[in-house]
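Listed here are the chains, written in short residue letters.
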Amino acid sequence: MAAAGAMAALCRRLTAALRVSGARLGSTAAGFPGLMLNLFHKNLAKVEPFHQLKFLHTTLSRKGLEEFFDDPRNWGEKNVKSGDAWNIKQLRGKSSEDLHKLWYVLLKEKNMLLTLEQESKRQLRPMPSPERLEKVEKSMKNIDLVVREREIALRLLQTGHEKPVPGEWRNDFLGRTYWYTYKEWPIPWYLNKKYKKRKFYYLPHVNHFIRLRLEKSLRRRVRRQNLEKTRQKVLERKFPHLAVKSQSQ
Amino acid sequence: MATGARKAVYPLFQLGGPQLRIFRPNFYMLVVRPGVPQPEDTVQFRVSMEMTKVDIKNYLEKIYNVPVAAVRTRIQYGANNKRNHKNQRVKKPDYKVAYVQLGQGQTFQFPNLFPEKEQDTETRSFDDFKNTYMEREKQRQKGDPRRGGVPDWFGL
């Protein structure tokens, strides 16, 4: 946090000096003034993006399109180091505002990695460290789960309902029972031709097939349980010293 | 449960209803190098299929702070001709391409993301090691130098 603050102060002084001298921001060493620090790693440093230099206009200024690409120092590298993905337990401790900001940081990172992936396919080169994509996807999924959990808790307290959209158990024409969520329509159901064609009931001749399906599922379950038992027996035979001692009086 | 894979359901819009606001958009956008040379202010993107021109404009302006003048989109159909080892057709995924013209007279040139970098000492030493090993192997393959390059297959 302190290092990020010091870096921010240094960058601010640098841009101020450049503004005074009126020099061109052509060199890549100056970096991208509008780019936030790489917040992919665990420490969430809150760095505000710097204000654009309005009177300075360069033809190559991408003003944010640079965020679709990695740090120029990493271009051409074989491996780029990156931290671990965000864990659900870590995310549960963050405030909603933090999660919101983190979501956008991860989204921009994902865009950058996808750009890199496509470009590497185009140039027929290996993408440096493709595991970053999986980490970002996992982190985003975790954030989604945490936000969903919080929404469900709030909804339960306020309304008593768990699901955001109401629904009910219905049968389809094959006799299967499934959870049907209500959909929003601008017209009532009795004027909806497409909806009226759907059948939420089954005729008596389907009972035979329901019975067959039930038998099949029971047979699968028994097969799975027998497989588990035989695997357990094989392991006990191979490693008798690791067998769980049954409680004997 | 594939939370991201299934289609998101948005509330129905009717005249006079509230503007739809998405708080954590899961849309991706990636910059691609144009196959056909584009004008300098045009950037070519591949975007999620559900995004509209208005969506793309707002996305770039709000998230990336890029001024956008115009957006044109098209959907590229991915071919279904290739076949796998089971003779089943393998489909290349469809994707939406967006051509965005930047505002305020900005230009964009797709950068070279794989510049030639000088090798560091590790790779250089490994290359030297490899070269010496190959030379030694070649020397072993050669026959007796006193025979003047004649292979050992011949008698005497």
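In every chain, residue numbers begin from 1 and rise along the written sequence. To label them, take the chains in the order written and letter them from A, then take the ligands in the order written and number them from 1. In keeping with the model being predicted, local features are shown solely for residues with a pLDDT of at least 70 and side-chain atom pairs are shown and tallied solely at 80 or more, while totals for entire chains, interfaces and linings include all residues. Excluding hydrogens and water, the side-chain figures rest on all heavy atoms present in the structure.

Notes on the nonpolar core
Side chains that are nonpolar tend, in soluble globular proteins, to be buried together.
Part 1: To qualify as a nonpolar core, a set must consist of buried Ala, Val, Leu, Ile, Met, Phe, Trp, Tyr and Cys residues joined through side-chain atoms within 4.5 Å. Each residue's exposure class comes from its accessible area (1.4 Å probe, protein chains only) as a fraction of the maximum for that residue type: buried when under 20%, exposed when over 50%, partly exposed otherwise. Residues Phe 68 of chain A together with Met 29, Phe 45, Ile 56 and Leu 60 of chain B are the most contacted members of the largest nonpolar core, which totals 47 residues.
Part 2: Helix and strand labels come from DSSP, where a helix needs a run of H or I of at least four residues and a strand needs a run of E of at least two; each type is numbered from the N terminus. Elements supplying a minimum of two residues to this core: α3 (96-122) and α4 (131-158) of chain A together with β1 (29-31), β2 (42-47), α1 (53-64), β3 (68-76) and β4 (95-102) of chain B.
Part 3: With 10 residues, the top contributor of residues to this core is α3 of chain A.

Quick word on the confidence of the model for chain B
Residue and element names in this part refer to chain B.
Part 1: Values of pLDDT, ranging from 0 to 100, describe the predictor's confidence in every residue of the model. Per-residue confidence for chain B gives a mean pLDDT of 90, with 97% of residues at or over 70.
Part 2: Least confident of the elements in chain B is helix α2 (residues 121-141), whose mean pLDDT is 86; most confident is β3, at 97.
Part 3: Among the scores for the predicted complex, ipTM is 0.79 and pTM is 0.72.

What about the environment of Ser 129 of chain A?
Residue and element names in this part refer to chain A.
Part 1: Looking at the secondary structure, you find Ser 129 in the loop between α3 and α4.
Part 2: A residue is classified by how much of its surface remains accessible, and Ser 129, at 5% relative accessible area, is buried.
Part 3: The spatial distance from the C-alpha of Ser 129 to the C-alpha of Asn 79 is 5.4 Å, given a sequence separation of 50 residues.
Part 4: Those residues in contact with Ser 129 that lie beyond four places of it in its chain are Lys 78, Asn 79 and Val 80.
Part 5: Whenever two N or O atoms come within 3.5 Å, that pair is a polar contact, provided that in protein one can donate a hydrogen and the other can accept it, and provided that, for residues adjacent in sequence, both atoms are side-chain atoms. Polar contacts involving the side chain of Ser 129 include one to the main-chain amide nitrogen of Val 80, which spans 2.7 Å. By definition in these notes, contact holds between two residues if any of their heavy atoms fall within 4.5 Å.

Examining the packing of aromatic side chains
Where two aromatic rings form a pair, the distance of their centres and the angle of their planes describe that pair.
Part 1: Only Phe, Tyr and Trp rings are paired, with Trp represented by its six-membered ring, and only when their centres lie within 6.5 Å; those with planes under 30 degrees apart are stacked, over 60 edge-to-face, the remainder tilted. All told, the structure shown has 11 aromatic pairs over all chains when counted by the stated rule.
Part 2: Between Phe 69 of chain A and Phe 110 of chain B, the aromatic rings sit 5.4 Å apart at their centres with planes inclined by 90 degrees, giving edge-to-face as the arrangement. Here Phe 69 of chain A, found in the loop between α1 (2-21) and α2 (88-92), pairs with Phe 110 of chain B, found in the loop between β4 and α2, and the two come from separate chains. The same class applies to Phe 69 of chain A and to Phe 110 of chain B, which are both buried.
Part 3: Each residue in the set Phe 68 of chain A together with Phe 45, Tyr 59 and Tyr 64 of chain B is aromatic and connected to the rest through ring pairs, giving one cluster.
Part 4: Only when the NZ of Lys or the CZ of Arg is both within 6 Å of the ring centre and within 35 degrees of the ring normal is a charge said to sit over the ring. Between Arg 24 of chain B and the ring centre of Trp 103 of chain A, over which it is positioned, the NZ or CZ distance is 5.0 Å.
Part 5: Positioned above the aromatic ring of Tyr 95 of chain B is the side chain of Arg 46 of chain B, whose terminal nitrogen or guanidinium carbon lies 3.8 Å from the ring centre.

Considering empty space enclosed by the protein
Part 1: Both cavities and pockets are sets of points on a 1 Å grid over the protein atoms alone; in a cavity a 1.4 Å probe fits but cannot get out, in a pocket the set is open with protein on both sides within 12 Å along at least five of seven lines, and lining residues sit with an atom within 4 Å of a point. Grid points are joined across faces, edges and corners, and a volume is the space filled by probe spheres set on the points. This model, assessed by the stated rule, comprises one cavity of 30 Å³ or more.
Part 2: Considered as a void within the structure, the largest cavity measures approximately 50 Å³ in volume.
Part 3: In terms of lining residues, the largest cavity is bounded by Asp 70, Asn 74, Trp 75, Gly 76, Val 80, Leu 116, Pro 128 and Arg 132 of chain A together with Leu 113 and Phe 114 of chain B.
Part 4: In the lining of the largest cavity, the residues fall into six nonpolar, two polar and two charged. Following the grouping adopted for this structure description, the nonpolar residues are Ala, Val, Leu, Ile, Met, Phe, Trp, Tyr, Cys and Pro, the charged ones are Asp, Glu, Lys and Arg, and the polar ones are all others, Gly among them.

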